[in-house]
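Given next are the chains, with one letter for each unit.
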Amino acid sequence: MLDYSHNAWLVAASLAVALMAGFTGLYLTHGASKLGPQRRKSVVALAAVILGGGIWSMHFVAMLGLQLPILFYYDALITLISALVAILMVGLALLLLHFRPRTMQTIVGAGVIVGLGIVVMHYVGMAGMELCRPVYNAWDVVIATLASVALSVLAIWVAYDNRTQRNILLGTACFGLAVFTMHFVATGLTDFVASDNAAGTGPALNNQVLAMGVTVSVFLICGAFLLTGITFIEPEHPTVRDASDPTPEPAVLRAGVPFEREGQTFFTEPARVAAIRAEGHYTVLYMGAEKLFCPWSITEAESRLAADGFLRAHRSYLVNPKHISSFERHKDNGTCYFDGVEALKKIPVSRSRLNDIRDALGL
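Residues numbered from 1 in each chain as written. Predicted model: local features only at pLDDT ≥ 70, side-chain atom pairs only at ≥ 80, totals over all residues. Heavy atoms only, no water.

Caption draft 1: Molecular detail of a nonpolar patch on the surface. On the surface, a nonpolar cluster with roughly 330 Å² of combined accessible area is contributed by M104, V108, L154 and W157. Position of M104 relative to the elements: it lies in helix α4 (residues 104-127). (Patch = residues over 30% accessible without salt bridge, like charges linked within 9 Å, V, L, I, M, F, W, Y side chains within 5 Å. Areas by Shrake-Rupley, 256 points an atom, 1.4 Å probe, with all protein chains shown as cover. Salt bridge = Lys/Arg side-chain N within 4 Å of Asp/Glu carboxyl O. Helix = DSSP H or I, 4+ residues; strand = E, 2+ residues; numbered from the N terminus.)

Caption draft 2: Spotlight on the confidence of the model for the protein chain. Looking at the protein chain as a whole, the pLDDT averages 84, with 91% of positions reaching at least 70. For the protein chain, strand β7 (residues 204-205) is the element with the lowest average pLDDT, namely 65, and α4 is the one with the highest, namely 93. Across residues 236-253, confidence stays below pLDDT 50; counting only partners more than four residues off in sequence or on other chains, it has 9 contacts. (pLDDT = per-residue confidence, 0-100. Contact = heavy atoms within 4.5 Å.)

Caption draft 3: Region of the structure containing the layout of surface pockets. Of the voids in this model, the largest pocket is the one considered here, and its volume is about 460 Å³. Those elements giving two or more residues to the lining of the largest pocket turn out to be α4, α5 (138-161) and α9 (354-360). Of the residues belonging to the lining of the largest pocket, the class tally is 5 nonpolar, 9 polar and 6 charged. Quantified by volume, the second largest pocket comes out at close to 210 Å³. (1 Å grid on protein atoms, 1.4 Å probe; cavity = no way out; pocket = protein on both sides within 12 Å on 5 of 7 lines; lining within 4 Å. Points joined across faces, edges and corners; volume = space filled by probe spheres on them. Nonpolar A, V, L, I, M, F, W, Y, C, P; charged D, E, K, R; others polar.)

Caption draft 4: Representation of unusual backbone geometry within the structure. The phi dihedral of L131 falls on the positive side, at around 70°, and the residue is not glycine. Mapping L131 onto the fold places it in the loop between β4 (129-130) and β5 (132-135). For L131, a relative accessible area of 29% translates into the label partly exposed. (Buried < 20%, exposed > 50% of the residue type's maximum accessible area, 1.4 Å probe, protein only.)

Caption draft 5: Main features of the packing of helix α2 (residues 37-64) against α4. Packing of α2 against α4 brings their axes to within 10 Å, and their N-to-C directions diverge by 40°. On the basis of the axis angle, α2 is oblique to α4. The hand of the α2/α4 crossing is right-handed. Residue-level inspection shows I55, W56, H59, F60 and M63 of α2 in contact with α4, the latter providing I118, M121, H122, G125 and M126. (Axes fitted to C-alpha atoms, helices over the stretch in contact; angles between N-to-C directions. Parallel < 35°, antiparallel > 145°, perpendicular 65-115°, else oblique. Left-handed = near helix turned anticlockwise from the far one by under 90°.)

Caption draft 6: Examining the side chain of N320 more closely. As for its placement among the helices and strands, N320 is situated in the loop between β14 (317-319) and β15 (326-329). At 3.1 Å, the side chain of N320 and the backbone oxygen of V273 are in polar contact. The residues contacting N320, other than those within four sequence positions of it, are P270, A271, V273, A274 and F310. (Polar contact = N/O pair within 3.5 Å; in protein donor to acceptor, adjacent residues only side chain to side chain.)

Caption draft 7: Representation of the nonpolar core within the structure. In terms of nonpolar packing, the biggest core is built from 60 residues, with I55, F60, L68, L94, M129 and Y160 touching the most fellow members. Elements with a minimum of two residues in this core: α1 (8-28), α2, α3 (76-99), α4, α5, α6 (165-188) and α7 (207-233). No other element matches α2, which puts 11 residues into this core. Setting aside residues no more than four positions away along its own chain, M129 makes contact with M63, L68, F72, Y73, Y74, P134 and F192. (Core = buried A, V, L, I, M, F, W, Y, C linked by side-chain atoms within 4.5 Å.)

And the structure:
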């Protein structure tokens, strides 16, 4: 067995890489569930590359700090496969979180996938070592896996249970610790022995070449981290429109929501409206015991009432969350109930709008 130690500076750097990647990936997906399918796929793919690349970069920054009494190098093909494993497994977890109803089972399942991705990436990366062979047994792998899965589930649960900035920061800390802890628990349970077997499946990758590759990866993660961090801390300022800009300002609700009764047009406060249903090119307002004709289309109503908290629950319905008395989630959709609205007892919530309604209700 070979004696080994770690470079303290590179150990600290590996933790910093895991934290930066965790923050960037978790914050990048903030609000992704409200995007259209194509944009959501792009965001999820980018976040998977950052999070998976962060796991890989953290591992090899730490491995560059591994000090052994012999020279060793890595098989380039296996090293590349380890990066792809991390990216694909994290991507699968993000797909579950952003394209399935975000239940506790989904969150736990995604956390388990991320935890297993960290473990598989670690041991595949270690399998690429040449002239030095890592030695461990099944119990060592089980212990490392339990640590990784437990911390990864905690990270996903904290970050996705409530998508606030505070939760994202706490989730970042948990994710960074999951990657960092798993690596050093697994490494601490591993022995290293010299090996004459250098028959790798790909070209040799020495520490100098690996260091350059890892440096490029960390450089990209740092850049993404800085850009994301600026967005995170930037205060919101009201938009000042240039007077020469011909683009019209968005519609502003002035008198209230119009409705017709006995040949006259009246206006009501948005807060009194419980829901709005599409009726061809027009809509129907639900207020108390009344159903009233409104000259707006459902698209115009959605645009004008977005600032008042109205959300599209279904392609035919806008809902005011303040009037919802209870919510029932089904397998792929849901139902909102209105006990205080005589004219409307319930409305359906489509699968694509489920996360928006749950977020508005604080679920």
